Amino acid sequence: MKTNKDILILGIESSCDETSISIVKNGRDVLSNVTNSQIDIHKLYGGVVPEIASRNHIINIDFVYQNALSKANISIKDINAIAVTYGPGLIGSLLVGLSFAKGLSIATKIPFIGINHIEGHIASNYITNTDLQPPFIALIVSGGHTNLVHVINYNSFKIYGSTHDDACGEAYDKIARVLGFEYPGGPKLEKAALNGINGKFSFPRGEIKNSPYDFTYSGLKSHVINVIHNIKQKNNYSIDNQTINDIALEFENSIIDSLVNRTINLSKELNINKVAICGGVSANNAIKNSLKNECLNNNISFFSPDIKYCTDNAAMIASAGYYEYINENFSSLDLNADANLEFKDKE
Ligand SMILES: Nc1ncnc2c1ncn2[C@@H]1O[C@H](COP(=O)(O)OP(=O)(O)OP(=O)(O)O)[C@@H](O)[C@H]1O
Ligand SMILES: [Mg+2]
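Quick caveat, the model's predicted, so the values are computed rather than measured.

1. Brief notes about the site of ligand 1
Near ligand 1 lie 24 residues; those nearest to it are Gly143, Gly144, Gly169, Gly186 and Gly280. Listing elements by their share of the shell around ligand 1, those giving two or more residues are helix H4 (117–128), helix H5 (168–178) and helix H6 (186–194). Of the residues contributing to the shell around ligand 1, the split by class is seven nonpolar, 14 polar and three charged.

Written out as structure tokens, the structure reads:
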């Protein structure tokens, strides 16, 4: 759709435990991004409880919506399209956002666009880095995904690497839990690693034969859990803080090695000198700085989202929605939520 007017997209994200609604101008300029996080509720249970998450989305979504409009100082009539995550995620949570979007679309006659949450994570980079344009290599590191992707254009992707078992963020959360950190453990593990001493432990680096860009974290996870259990058994079921820090550091080193080399190698193989990281784990400074340094050493430009757009947010969904809008890729009202929606190659 060619137009000289500003395009306003209202984004809705509710795939897990964040109820988020955002208004983004021309795909890049965030006018508002209101998020209600349920972390404090779910940390009591050590992880997200799906039924509680969907109930809280229902309670919060209208308030978040009103707030997003008022912070952007616009009326719903100004919106060109409603972009909403329809998968992957928790089915009950997804249904709340999708039903809200459909209801709004029917009531206002504003078209709506279903967005794959993972394509949203990639778009989070367009918000922070207003000069970033495809083609580039995206490294997606989130709670449910670890992918190396050639972003050919705004709407076309080719996936070169995926995890064969756990996602990177999932491994962080599981190890953090065994070490005694509250959900979500990733940021707490990063903090512990800052005080770790290098060389105290040596953990494996997962490789997959004949799949140079694929990832595996289950071997690393089992190894680290065994190490922790062995230490606890020898110490009357306790583990001291310095040992926790040392384990956290070596775990992080192993994750960094798995991500950095593959990303640089793919960038060189495809001769694409732009790399963008995204997803919740991209909030991790050690990972971000290691990848950034290696990019600099190889004359590759490095991009990352602002920390507030690393974990789930609706601004990234609105940004992805903009690039669907200008191609007139609208969804019909029979679009269903898909908990297992695949992130796959797109022509
Ligand atoms: N500083 C950090 N260091 C390491 N991991 C982190 C950090 N901050 C957040 N994470 C991890 O990011 C993950 C959350 O990211 P995100 O919200 O993108 O995942 P998700 O939406 O649950 O999964 P997906 O996007 O794959 O559907 C959690 O696993 C969390 O521990
Ligand atoms: Mg996510």
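Next comes the rest of the account.
2. Looking at the sheet that holds strand E2 (residues 18–25)
What the five strands build is an open sheet, ordered E3-E2-E1-E4-E5; its pairing is mixed. Each having just a single partner strand, strand E3 (29–37) and strand E5 (112–116) make up the two edges of the open sheet. Strand-to-strand twist in this sheet, taken as the mean axis angle between neighbours without regard to direction, amounts to 20°. Sheet topology places strand E4 (residues 81–87) next to E5; five bridges connect them, and they run parallel. Of the residues in E5, the one forming a bridge with Gly87 is Asn116. Helix H2 (residues 50–72) rests against E2 and E3 of the sheet, and its axis sits at about 25° to E2. Those strands touched by helix H3 (residues 91–108) are strand E1 (8–13), E4 and E5, and its axis lies near 155° from that of E4.

3. Focus: H6
When H6 is considered as a whole, its buried residues turn out to be Gly186, Leu189, Glu190, Ala192 and Ala193. One side of H6 carries all its buried residues, which in axial view fall inside an arc of 165°. In H6, those exposed residues whose orientation departs by more than 90 degrees from the buried face are Lys191 and Leu194. Among the structural elements, H5, helix H8 (241–270) and helix H9 (285–297) are those in contact with the buried residues of H6.

4. Notes on the packing of H6 against H8
The geometry of H6 relative to H8 is characterised by a closest axis approach of 7 Å and an angle of 105° between their N-to-C directions. On the basis of their axis angle, the class for H6 and H8 is roughly perpendicular. For the pair H6 and H8, the contacting residues are Leu189, Glu190, Ala192 and Ala193 in the first and Ile244, Asn245, Ala248, Leu249 and Glu252 in the second. When grouped by side-chain class, the residues that make up the contact of H6 with H8 number six nonpolar, one polar and two charged.

5. Details of the domain arrangement of the chain
Interfaces are often described in size by the accessible area the parts lose on coming together. Once the domains are mapped, the chain shows domain 1 (8–126 + 309–325) and domain 2 (133–304). Here the C-alpha centroids of domain 1 and domain 2 sit 27 Å apart. Taken together, the contact pairs 15 residues of domain 1 with 19 residues of domain 2. For the side of domain 1 that touches domain 2, the secondary-structure elements that each account for two or more residues are helix H1 (39–42), H4 and helix H10 (314–325).

6. Some words on the packing of H8 against H9
Relative orientation and spacing of two packed helices are given, respectively, by the angle between their axes and the distance between those axes. Closest axis-to-axis distance for the H8/H9 pair is 10 Å, and the angle between their directions is 35°. In this structure, H8 meets H9 at a crossing whose hand is right-handed. Residues Glu252, Ile255, Ile256, Leu259, Val260, Thr263 and Ile264 of H8 form the contact with H9, whose own contacting residues are Ala286, Ile287, Ser290, Leu291 and Glu294.

7. A closer look at the sheet that holds strand E7 (residues 146–153)
The strand order across the open sheet formed by five strands is E8-E7-E6-E9-E10, and the pairing between neighbours is mixed. The open sheet has two edge strands, strand E8 (156–162) and strand E10 (301–303), and neither has a second partner. Looking at each pair of strands side by side, their axes are set apart by 25° on average, direction ignored. In the packing of H9 onto the sheet, contacts are made with strand E9 (274–278) and E10, and the angle to E10 comes to roughly 160°.

Rules used throughout
- Residues numbered from 1 in each chain as written.
- Chains lettered and ligands numbered in written order.
- Predicted model: local features only at pLDDT ≥ 70, side-chain atom pairs only at ≥ 80, totals over all residues.
- Near = placed C-beta within 6 Å.
- Helix = DSSP H or I, 4+ residues; strand = E, 2+ residues; numbered from the N terminus.
- Nonpolar A, V, L, I, M, F, W, Y, C, P; charged D, E, K, R; others polar.
- Pairing = 2+ DSSP bridges.
- Axes fitted to C-alpha atoms, helices over the stretch in contact; angles between N-to-C directions.
- Contact = placed C-beta atoms within 7 Å.
- Buried ≥ 20, exposed ≤ 12 C-beta atoms within 10 Å, placed from the backbone.
- Arc of directions from axis to C-beta.
- Parallel < 35°, antiparallel > 145°, perpendicular 65-115°, else oblique.
- Domains from an automatic or database assignment.
- Left-handed = near helix turned anticlockwise from the far one by under 90°.

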